[in-house]
Structure formats: structure tokens, C-alpha cells
Amino acid sequence: AGELDIVMCEDPGCPPPDEGDPRRVRLSLRPSGLDRALPHTEGVGWVRLRFRATAALASEEPAILITRPADADEIHLNGIRIGGEGVVAERFVTVPAGPRLVAVPHGAIRAGANTLSMKVLFAGKNAGALDGPIYLGERDRLVARVTVEGRGRYGDGQRRARRRRD
């Protein structure tokens, strides 16, 4: 749970917005997902999620599981780039829909307050992007959540991936 801010940009090369940016829309992230749909259209946006982590989690091998990711993203945690899929640019590259697990490098997450920043591309493929839960936890437990508990919970991309494995 936490607060999620989104600011849509005109230019794919736009820098992260200032805290007082008038285009900012704030949503609440509950255990089941966002409290309402993202107010986005196709384009590029910056998403900022603030959350608190325990000292125990900061000392484990943490990861972030985004159950309904955007079409492409660049992900930073407390200013450290921790991942990204596809290309967020004028000539963009999208990636298949489905849960995205992002391993958090040692030292990137802190006990207490943390900020996850994502530059995201909405290319029209993932209408429900960021609509599902975003989990933070120990990496192996999150992998188990996707492969065992996640049957039918994470959208069409997850079901397609499972069919190919079976």
C-alpha cells in the first residue's frame, strides 16, 4: 500500500517532474491495486510510488512484482536504476503483457521510506496497466506467487505464458 503519483508528458525524453507539477494525479495503491483507473492516454508518463519497507526486507533479496506493467518502462528505486523492459522513446519498443518481476540490487532498498520511480510507455496494448497489485517482498516468494498462486489472476499475458510451458 502507498501513494502513487502519475504525470503524463508530451515528450518521450521528459525528465522526472517536480513534486509540485500541476499535471500530477495522485492515486492510492491498495492491496488489490489502484483505488481508481489511471487517467492516462497513449504516451509517456512518470509514475512515483512511495512506500515503507522493514529492516528485515532490506536485508533479504528483495524484488518488486508488477502484476499489470506498462507497455515499456524504466524503473528506479531511491535513484538507483533497478530495471526496465522495452524502450521508452520516440521510436519505442513494447514488451509482452504479463507480470514483471524486478530484482532489487543489494543496498537499493532501505528500511523505512522508499521511492519507486518509473518512466512508463502506454502504447495502447495494456489498457489496464498498473491496475493490479504491485508487490514488494523476498524474491523467491514473489516468484512462487506468480507461478503457483497466480493462476488466472494476472491477465492474458500470464495465461499465454502458462499455456506455452504446459
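Procedures and definitions
Residues numbered from 1 in each chain as written. Predicted model: local features only at pLDDT ≥ 70, side-chain atom pairs only at ≥ 80, totals over all residues. Heavy atoms only, no water. Helix = DSSP H or I, 4+ residues; strand = E, 2+ residues; numbered from the N terminus. Buried < 20%, exposed > 50% of the residue type's maximum accessible area, 1.4 Å probe, protein only. Areas by Shrake-Rupley, 256 points an atom, 1.4 Å probe, with all protein chains shown as cover. Pairing = 2+ DSSP bridges. Axes fitted to C-alpha atoms, helices over the stretch in contact; angles between N-to-C directions. Core = buried A, V, L, I, M, F, W, Y, C linked by side-chain atoms within 4.5 Å. Contact = heavy atoms within 4.5 Å. 1 Å grid on protein atoms, 1.4 Å probe; cavity = no way out; pocket = protein on both sides within 12 Å on 5 of 7 lines; lining within 4 Å. Points joined across faces, edges and corners; volume = space filled by probe spheres on them. Nonpolar A, V, L, I, M, F, W, Y, C, P; charged D, E, K, R; others polar.

1. A few points about the overall build of the chain
Consideration 1: In terms of helices and strands, the chain carries three helices and ten strands.
Consideration 2: Going residue by residue from the N terminus, the α and β elements of the chain occur as β-β-β-β-α-β-β-β-β-β-β-α-α.
Consideration 3: A buried classification covers 48% of the 166 residues belonging to the chain.
Consideration 4: Working note: accessible area of the chain is about 8700 Å², and carbon and sulfur atoms make up 50% of it.

2. Here we look at the sheet that holds strand β7 (residues 80–85)
Consideration 1: Across the sheet, seven strands lie side by side as β3-β2-β1-β4-β9-β6-β7; this open sheet has antiparallel pairing. Looking at which strands have only one partner, the edges of the open sheet turn out to be β3 (33–34) and β7.
Consideration 2: With eleven bridges joining them, strand β4 (residues 43–53) and strand β9 (residues 112–122) adopt antiparallel strand pairing. Within β9, the position partnered with Trp-46 by the bridge is Lys-119.

3. Topic: the sheet that holds strand β10 (residues 134–138)
Consideration 1: If you walk across this open sheet you meet the three strands as β8-β5-β10, and the pairing is antiparallel. Among the strands making up the open sheet, the edge pair consists of β8 (100–103) and β10. Between one strand and the next, the sheet's axes are offset by a mean angle of 20 degrees, whatever the strand orientation.
Consideration 2: Direction of pairing for strand β5 (residues 62–66) relative to β10: antiparallel, over a ladder of five bridges.

4. So, unusual backbone geometry
Consideration 1: Here the phi dihedral of Asn-78 falls at roughly 50 degrees; this positive angle occurs in a residue that is not glycine.
Consideration 2: The exposure class assigned to Asn-78 is buried, which follows from its relative accessible area of 18%.

5. Notes on the nonpolar core
For soluble globular proteins, the rule of thumb is that nonpolar side chains tend to be buried together.
Consideration 1: Ranked by size, the top nonpolar core spans 30 residues in total, and within it Leu-38, Leu-77, Ile-82, Ile-109, Leu-116, Met-118 and Phe-122 carry the most contacts.
Consideration 2: For this core, the secondary structure elements donating two or more residues are β1 (2–9), β2 (25–30), β4, α1 (55–59), β5, β6 (72–77) and β9.
Consideration 3: Those residues within four positions of Met-118 in sequence are excluded, and the remaining contacts are Gly-45, Trp-46, Val-47, Ile-66, Glu-74, Ile-75 and Leu-130.
Consideration 4: Counting residues in each nonpolar core, the second largest holds seven residues, with Val-44, Trp-46, Ala-72 and Val-88 among its members.

6. As for the environment of Glu-10
Consideration 1: As for its placement among the helices and strands, Glu-10 is situated in the loop between β1 and β2.
Consideration 2: Taking C-alpha positions, Glu-10 is 7.4 Å from Gly-43, a pair spaced 33 residues apart along the chain.

7. Some words on the layout of surface pockets
Consideration 1: Approximately 160 Å³ is the volume found for the second largest pocket.
Consideration 2: Those elements that provide at least two residues to the lining of the second largest pocket are β4 and β9.
Consideration 3: When the residues that make up the lining of the second largest pocket are grouped by side-chain class, the tally is eight nonpolar, one polar and three charged.

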